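Residue-level structural notes
Each chain, written out:
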Amino acid sequence: MSERTREEILEDLAAKMRRRAPVQASGASATTPKNTHTTTTTTITADTAPSETKICSFCGNEFTPGKNPKHKYCSTTCNTKAQNQKQKQRRDNAPPDPDNPRPKDKLVRVKCQNPNCPNGGVFETTEELYKKMKKYCDENCRKEAHRLKYTLPPKPKPEKPVSLADEIAKQKHSDPPGDPVSTTLDIQTDSETQSQSQPKPKQEQVVEIDYEPHSGGQRLVHESQARFKVLICGARWGKDRCLINEFIVKFAQMLSEQDRPTTLIPRVHGWLVAPTFPLAKQMWRELVHFWPRQWRVNKNEAEHRLETVGGGIIEVKSADNPDSLVSVGLDALLMTEAARVKDMETTWSYLRGRLSSPGRGPHGTGGIAMINSTPKGRNYLYQMFQWGLDERFPEWESFQFPTSSNPYIHPKEIEEAQRTLPERLFRQEFLGEFLEDSGEVFANIDDISTGVTQEPEPGRVYKAAWDPAQRNDYSAFGIRDDRGVQVLRERWTGLPWTIQLNKVEAYCKLYNNAHLDMDSTGLGETLPEAVAQRGISVTGHFFTNAFKEQMVSHFSLLCEGRDVILINDKPQKEELKAYTYSFTKTGKVSFHHPVGGNDDLVTMLLLLYRDYNALTSTLPYIGLLLGSNVGTPRNKLPLAAGSGKY
C-alpha cells in the first residue's frame, strides 16, 4: 500500500469533521439529526401582546396592568393611600375597648362653667371634646351661662388718682388754721379694680391622684396649715411620697388662683432640692408619676424640669453648691434628706430669701416650704425641728414618726434591723431620734483615740491585721494587744509585694509572733500563702456584705462602750469619722467610705478587733447551763441576740 500524501490525509480529516457537525435548520426543509435535543422558544412581539386597560380603584384613571393583570391601582402611591383608608375605616367601625380607650373615647371629668348648673356642676365628656373646649354639660346650661354673661353690670371705670399736691391744697383750704397737715392716700390700683369686677369663668378639670395617705401620720401632715413643715421620720416611712403629693396639691391651688399677679415669671415656680443630684432621682420619679398628664406641657428629663399648664415650672436642684440657689422667687419648696446637706445653715438662708419674693406663695402670702429627712446628729436641722415645736414660731410645725408607724412595713423587718444594727444606728434610722453625737457610724472616736505606739512586751499576746494594696490605694497594717490597746499603725503605698511582705513578716515576728488577719478579697489565696510560707500564722478573709456588716456592728459597739484604745492618729480618726452608710432598695444597710475618700485604715481596724471581746462585755462562764455549748471555748460562743457581743 502506497503511502498517502499529506494533502490526502488532510482532506479525509476535513470530510469527517463535516459529517460530525450539527445540521443547521434552514427554513421548512431543515431536518434534525437523530439523538439531537432541540429547544424551541416562542417570543411574543409587541404586535401580539394584550393591550387591555383598567380603571384604578382609588383615583379612577385608566392604566395598563403590565405583567400582572390583577393589579387594581395605577401606582404604588394609590395602593398605599387605599390601604391606609381601609385601616382607618376598620378602626372607626371597631367597637370601643373599655380597657384601652381611644383618645377620642376616653372620658374625663370637667366642671360646668354655668355657676347655676342644675346637674351638680361636674359632668363627663370625651378627651377629644374637652380639647375642643366643651364648657357646659348641656345646651340649657350654655344658654343660661350666656344670658348671665351678657346681663352682667358694666365694668366700673377706675377713679382718677388724686395727686399729693391737690390733696395738700385741699387740706389747706378745708382745715382750720393752726391744725397740722395730715395726708392719707388710698389710691386703688388696676389689679384691685379688676378684682372687684366679676372675673370671667374659666374651664376647670377635676383630677384624681393615685395616692392614699396611710394612717401612720401622713394624714396629719396633709391636714396641717403651717407655712413651713419639718418632717422627721425613720427610714422607709414614706416621707418623700407624702410631701410630693402635698407639693402637687399646693402647686395646683396656686395655678388656679385667678387674682395672681401677671408680673410673676414664671407664674408659679417650685423647686425640689436634695443634697446631691443622685439623691434627687427618686423624688423626680415620684413627681413625674403623680403629676397628672393632662396638666403637663413639657417634661425635660435631662434638666429635670417640668412645665405645667397655667405657666408653672418645677425644677430639681442640688444643695452641694449653695451659691447656685439664688436669683429667683419661689412659691413652693420641697427639700429631702436635709440632714445630709453639707452646709444646711447657709443653704436654708439662701432658700428662705427665695420664699420671701413679693406676690409668691398662696394668694401672695409668701412661699411655702416642706422639709423632710432622717436625722443625722443634732445639726442645724435639729434647730429647725425645734422651731416647729416652739409657740414663738407660729408659721412652723414639726412632725416625728418612727418606721414602725408605716402600716406597710412588716414588723419582722424592724426586728431584724434591731438585732443586727448597733443600738445608736437603729434609734437614728428606724426610730427617727436626734442623738447627741454627729450621727457617725463609730462613736466616741476622739475619746478612745488616746493611745501611742508601744514596743512589744514579753509574754503578752498580740494580734495583727493587714488590708493589702499596691498602687491605686493605701496598704494599712496594725497591731493590738490582748487588752484591746492598739500599739502599732502603719500605712504605705506603691511598694512591691516583696517589700510589703518583708515589713509584715518583721512586725509579726517582732510582736511575739502575732497572728495575722488579712483581707483576701480580689487576691485569692496568693498573698495568704506567701505570708504562710514565711512562717507566720495567717487567716485570709473574703469580704461579703453580711461579713462586713457583722464586723462594723461589733466594732461600733466596742467604740460606743469605750472598750478599746486606739492610737491618736489624725488620718485614722478622719477615716473613722467619715465612714458612712446607706440603705439599698431592699432596705438593707450598706457601709462604705464617702466618695473620694479612703477606708483602708477602717478595714484594718475591723479585722484587728474582729474577734476581740471586752472583759466588761463578755458573758460569765455558767457551766452546765450552756447545754450543748459545754466545753466550747469562750471565743467560739455565738453572739448574744441584739447586742453583737459575746
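What you see is a predicted model, and the numbers here were worked out from it, not measured in a lab.

A few words now on the overall build of the protein. When you go through the protein residue by residue, the secondary structure sums to 19 helices and 22 strands. Burial statistics for the protein: of 646 residues in total, 38% are counted as buried. Restricting to contacts in the protein with at least 6 residues of sequence separation, those with at least 24 account for 62%. Approximately 39400 Å² of the protein is accessible, and the part contributed by carbon and sulfur atoms is 51%.

As summarised here, the arrangement of the five strands in space is E17-E16-E15-E18-E19, forming an open sheet in which the pairing is mixed. Looking at which strands have only one partner, the edges of the open sheet turn out to be strand E17 (486-492) and strand E19 (538-541). The sheet shows a mean angle of 15 degrees between the axes of neighbouring strands, taken without regard to direction. For strand E18 (residues 515-519) and E19, the ladder comprises four bridges, and the chain directions are parallel. Residue pairing across strands places Asp 517 opposite Thr 539, the latter belonging to E19.

Right, let's get into the pattern of salt bridges. This model, assessed by the stated rule, comprises 31 salt bridges. The closest approach of N and O atoms between Glu 286 and Arg 241, which form a salt bridge, is 3.1 Å. Of this pair, Glu 286 sits in helix H9 (residues 277-290) while Arg 241 sits in helix H8 (residues 239-255), placing them 45 residues apart in sequence. Judged by its relative accessible area of 40%, Arg 241 falls in the partly exposed class. Residue Asp 447 pairs with Arg 562 through a salt bridge whose shortest N-O separation is 3.0 Å. You can see Asp 447 sitting in helix H14 (residues 445-448) and its partner Arg 562 sitting in the loop between helix H17 (545-560) and strand E20 (566-567), a full 115 residues away along the chain. Residue classification places Arg 562 among the partly exposed residues on the basis of a relative accessible area of 49%.

Here the focus is the packing of aromatic side chains. Taken as a whole and assessed by the stated rule, the structure comprises 22 aromatic pairs. Between Tyr 462 and Tyr 511, the ring centres sit 5.2 Å apart and the planes meet at 75 degrees, which makes this aromatic pair edge-to-face. Placement of the pair is Tyr 462 in strand E15 (residues 462-467) and Tyr 511 in the loop between helix H15 (497-510) and E18, with a sequence separation of 49 residues. In this pair, the class of Tyr 462 matches that of Tyr 511, namely buried. Among the aromatic residues, ring-to-ring pairing joins Phe 228, Trp 348, Tyr 380, Trp 387, Phe 393 and Trp 396 into one connected group. Positioned above the aromatic ring of Trp 492, the side-chain terminus of Lys 503 is 5.0 Å from the ring centre.

Attention now moves to the confidence of the model for the protein. For the protein, per-residue confidence averages 77 on the pLDDT scale, and residues scoring 70 or more make up 74% of the total. The model gives residues 172-201 a pLDDT under 50, and that stretch makes 18 contacts with residues more than four places away or in other chains. Scored below 50 in pLDDT, residues 615-646 makes 32 contacts in the model with residues more than four places away or belonging to other chains.

Mapped onto the elements of the fold, Asp 519 is located in strand E18. Among buried Asp, Glu, Lys and Arg side chains, Asp 519 stands out as unpaired, with Lys 548 the closest opposite charge at 8.4 Å. There is a polar contact of 2.8 Å between the side chain of Asp 519 and the side chain of Thr 521. The contacts of Asp 519, once residues within four sequence positions are left out, are Trp 466, Asp 467, Pro 468, His 541, Phe 543 and Leu 607.

In this section: the pairing of strand E9 (residues 305-308). Pairing geometry for strand E8 (residues 296-300) and E9, over four bridges, is antiparallel. Within the sheet, the bridge partner assigned to Lys 299 lies in E9 and is Leu 306. From the end of E8 to the start of E9, which pair antiparallel, there are four residues, and His 304 there has a positive phi angle of about 55 degrees. Adjacent in sequence and paired antiparallel, E9 and strand E10 (residues 312-318) are bridged by three residues, among which Gly 310 carries a positive phi angle near 80 degrees.

Turning our attention to the packing of H17 against helix H19 (residues 600-608). Two elements in contact, H17 and H19, have axes whose closest approach is 9 Å; the angle formed by their N-to-C orientations is 80 degrees. Considered as vectors, H17 and H19 are oriented roughly perpendicular to each other. Along its contact with H17, which presents Met 551, Val 552 and Phe 555, the element H19 presents Leu 605, Leu 606 and Leu 607. The residue makeup of the contact of H17 with H19, split by class, is six nonpolar, no polar and no charged.

Among the seven residues of strand E16 (residues 475-481), seven are classified as buried, and the element is accordingly described as predominantly covered. Of the two faces of E16, the one lined by Ser 475, Phe 477, Ile 479 and Asp 481 and the one lined by Ala 476, Gly 478 and Arg 480 are each fully buried. The sheet contact formed by E15 and E16 spans six bridges and is antiparallel. What sits directly across from Trp 466, in E16, is Phe 477. For E16 and E17, the ladder comprises six bridges, and the chain directions are antiparallel. Of the residues in E17, the one forming a bridge with Ile 479 is Leu 488. Between E16 and E17, which follow one another and run antiparallel, lie four residues, and Gly 484 among them has a positive phi close to 85 degrees.

Reading guide: rules and limits
Residues numbered from 1 in each chain as written. Predicted model: local features only at pLDDT ≥ 70, side-chain atom pairs only at ≥ 80, totals over all residues. Heavy atoms only, no water. Helix = DSSP H or I, 4+ residues; strand = E, 2+ residues; numbered from the N terminus. Buried < 20%, exposed > 50% of the residue type's maximum accessible area, 1.4 Å probe, protein only. Contact = heavy atoms within 4.5 Å. Areas by Shrake-Rupley, 256 points an atom, 1.4 Å probe, with all protein chains shown as cover. Pairing = 2+ DSSP bridges. Axes fitted to C-alpha atoms, helices over the stretch in contact; angles between N-to-C directions. Salt bridge = Lys/Arg side-chain N within 4 Å of Asp/Glu carboxyl O. Phe/Tyr/Trp six-rings, centres within 6.5 Å; stacked < 30°, edge-to-face > 60°. Lys NZ or Arg CZ within 6 Å of the ring centre and 35° of its normal. pLDDT = per-residue confidence, 0-100. Lys, Arg positive; Asp, Glu negative; His and termini not counted. Polar contact = N/O pair within 3.5 Å; in protein donor to acceptor, adjacent residues only side chain to side chain. Parallel < 35°, antiparallel > 145°, perpendicular 65-115°, else oblique. Nonpolar A, V, L, I, M, F, W, Y, C, P; charged D, E, K, R; others polar.

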